[in-house]
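Notes for the structure review
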Amino acid sequence: MREFVVVGGRKLSYLDFGGPGAPLLALHGHYNEASAFAPLAGALAPRWRVIALDQRGHGESDRAQCYERDDYVADVAAFHRHLGIGPVAVLGHSLGGVNAYQYAARQPDRVRALIVEDIGAVVDSDWSFTLRLPRRAPSRQDLMAALGSTAPYLECSFRRSEDGWGFSFDIEHTVASQKALNGDHWQDWTAVACSTLLIRGTRSDEVSAAHAGEIITRRAGKARLTELPAGHVVHHDAPAQFAAAVEGFLSDPG
């Protein structure tokens, strides 16, 4: 079910996949939106109830004037308060992964377990791909063709408008968000107190094996690593294995 919360005069949209299970808050990456977690929600039900946020500037949420780190974390906090639930498990992919561990670091009493999908403590994002995205295509098929092999990763964000097919995110806003994501976030990563699972794709172009190892080492027994045969979007490339890793960790976070 799609629902909305108003934060600072802006509308944030989210999908509550429902069910009787314990809540799992899910935060997507750039180019995606809450619906990207529909397969995971189905795989985890009924034991876990996935509630996924369309982060600012994405999906059905409003565009924003600013995409800085503190803005995203404040949105997550407001979303969590709106749900009226206590400490929860939080999962985040890429952009959402940094937002998730920064939220966990800054509000430790609100996050009881953390899952970070294929993003590190130091981010050096290249936004040249974003600038090459087609602004509009005359049909869905044309948009798919223009994107080539990357189309399946962006498909959940396709939107039809009066002048053709495009995306549920704005290209310039995405570039601003990617620029703001870049940097050294070790202070937040090492401040996370709850048990953490890092899921890395073995073909990832975002997190090297060496960096993943350092990430785990710096958390001194409070974080574990799972590597799956996938690229950066592990939940897309290896959905069954990803869901199994998430469920296994949530069942016994340690």
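Residues numbered from 1 in each chain as written. Predicted model: local features only at pLDDT ≥ 70, side-chain atom pairs only at ≥ 80, totals over all residues. Heavy atoms only, no water.

1. Brief notes about the overall build of the protein
A count of helical and extended segments in the protein gives eleven helices and twelve strands. Relative to the 2.2 N^0.38 estimate, which gives 18 Å for 254 residues, the radius of gyration of the protein is 17 Å and therefore close to what a compact globule would have. Its C-alpha atoms give the protein principal-axis dimensions of roughly 50 × 40 × 35 Å. Within the span of the protein, comprising 254 residues, buried residues form 55% of the whole. Restricting the contact set of the protein to residue pairs at least 6 apart, pairs at least 24 apart contribute 74%. By element, 51% of the accessible surface of the protein is carried by carbon and sulfur atoms, the whole surface being about 10,500 Å². Distance from the positive charge centre (25 side chains) to the negative charge centre (30 side chains) of the protein: 3 Å. (Helix = DSSP H or I, 4+ residues; strand = E, 2+ residues; numbered from the N terminus. Rg over C-alpha atoms; globule rule 2.2 N^0.38 Å. Buried < 20%, exposed > 50% of the residue type's maximum accessible area, 1.4 Å probe, protein only. Contact = heavy atoms within 4.5 Å. Areas by Shrake-Rupley, 256 points an atom, 1.4 Å probe, with all protein chains shown as cover. Lys, Arg positive; Asp, Glu negative; His and termini not counted. Charge placed at Lys NZ, Arg CZ, Asp CG, Glu CD.)

2. Re the nonpolar core
Counting residues in each nonpolar core, the largest one holds 43 residues, and the members touching the most others are Y101, L114 and W189. Those residues within four positions of L114 in sequence are excluded, and the remaining contacts are V90, A100, Y101, A104, V192, C194, S195, T196, L197 and F249. Within the second largest apolar cluster, 27 residues are counted, among which are W48, V50, V234 and V246. (Core = buried A, V, L, I, M, F, W, Y, C linked by side-chain atoms within 4.5 Å.)

3. Looking at the sheet that holds strand β1 (residues 2-7)
Taken in spatial order, the eight strands make up an open sheet running β1-β2-β4-β3-β5-β6-β11-β12, and their pairing is mixed. If you trace the sheet from one side to the other, it starts and ends with β1 and β12 (223-228), each paired once. The sheet shows a mean angle of 25° between the axes of neighbouring strands, direction not considered. By the bridge criterion, four bridges tie strand β3 (residues 22-27) to strand β5 (residues 88-93) in an arrangement that is parallel. Within β5, the position partnered with L24 by the bridge is A89. The sheet contacts of helix α2 (residues 69-83) involve β1, β2 (10-16), β3, β4 (48-54) and β5, and relative to β2 the element is tilted by about 60°. (Pairing = 2+ DSSP bridges. Axes fitted to C-alpha atoms, helices over the stretch in contact; angles between N-to-C directions.)

4. A word on the packing of aromatic side chains
Using the criterion set out here, one finds seven aromatic pairs in the structure. Taking the centre distance of 5.5 Å and the plane angle of 80° together, the rings of Y31 and F129 count as edge-to-face. With Y31 in the loop between β3 and α1 (38-44) and F129 in helix α4 (residues 128-132), the pair connects residues that are 98 residues apart, well separated along the chain. Each member of the aromatic cluster is reached from another via a ring pair, and the members are Y31, F129, F158, F167 and F169. Seen from the ring of W189, R219 lies directly overhead, with NZ or CZ sitting 5.3 Å from the centre. (Phe/Tyr/Trp six-rings, centres within 6.5 Å; stacked < 30°, edge-to-face > 60°. Lys NZ or Arg CZ within 6 Å of the ring centre and 35° of its normal.)

5. Regarding the side chain of R56
Within the fold, R56 resides in the loop between β4 and α2. Those residues in contact with R56 that sit more than four places away from it in its chain are R10, L12, D62, A64, C66, Y67, D71, Y72 and D75.

6. Brief notes about α2
In this model, α2 (15 residues) spans 22 Å end to end at C-alpha, consistent with the 21 Å of a helix rising 1.5 Å per residue. Along α2, the residues classified as buried are R69, Y72, V73, D75, V76, A77, A78, F79, H80 and L83. Once α2 ends, the next one or two residues include G84, with phi positive near 70°. (Expected span 1.5 Å × (residues − 1).)

7. Quick notes on helix α7 (residues 171-181)
Among all positions of α7, only I171, T174, V175, S177, Q178, A180 and L181 are buried. Residues of α7 that are buried in the fold lie against α2, α3 (95-106), β7 (122-123), α4 and β10 (183-184). Its side-chain oxygen 3.0 Å from the backbone nitrogen of E172, D170 forms the N-cap of α7. G183, located one to two residues past α7, shows a positive phi value of around 140°. (Polar contact = N/O pair within 3.5 Å; in protein donor to acceptor, adjacent residues only side chain to side chain.)

8. Focus on the pairing of β4
Across the seven residues that make up β4, a large majority, six, are buried. Note that β2 and β4 share four bridges and pair antiparallel. Bridged to L15 within β4 is A52. Relative to β4, β3 runs parallel, the two being bridged by six bridges. Bridging from a neighbouring strand, P23 pairs with R49 of β4.

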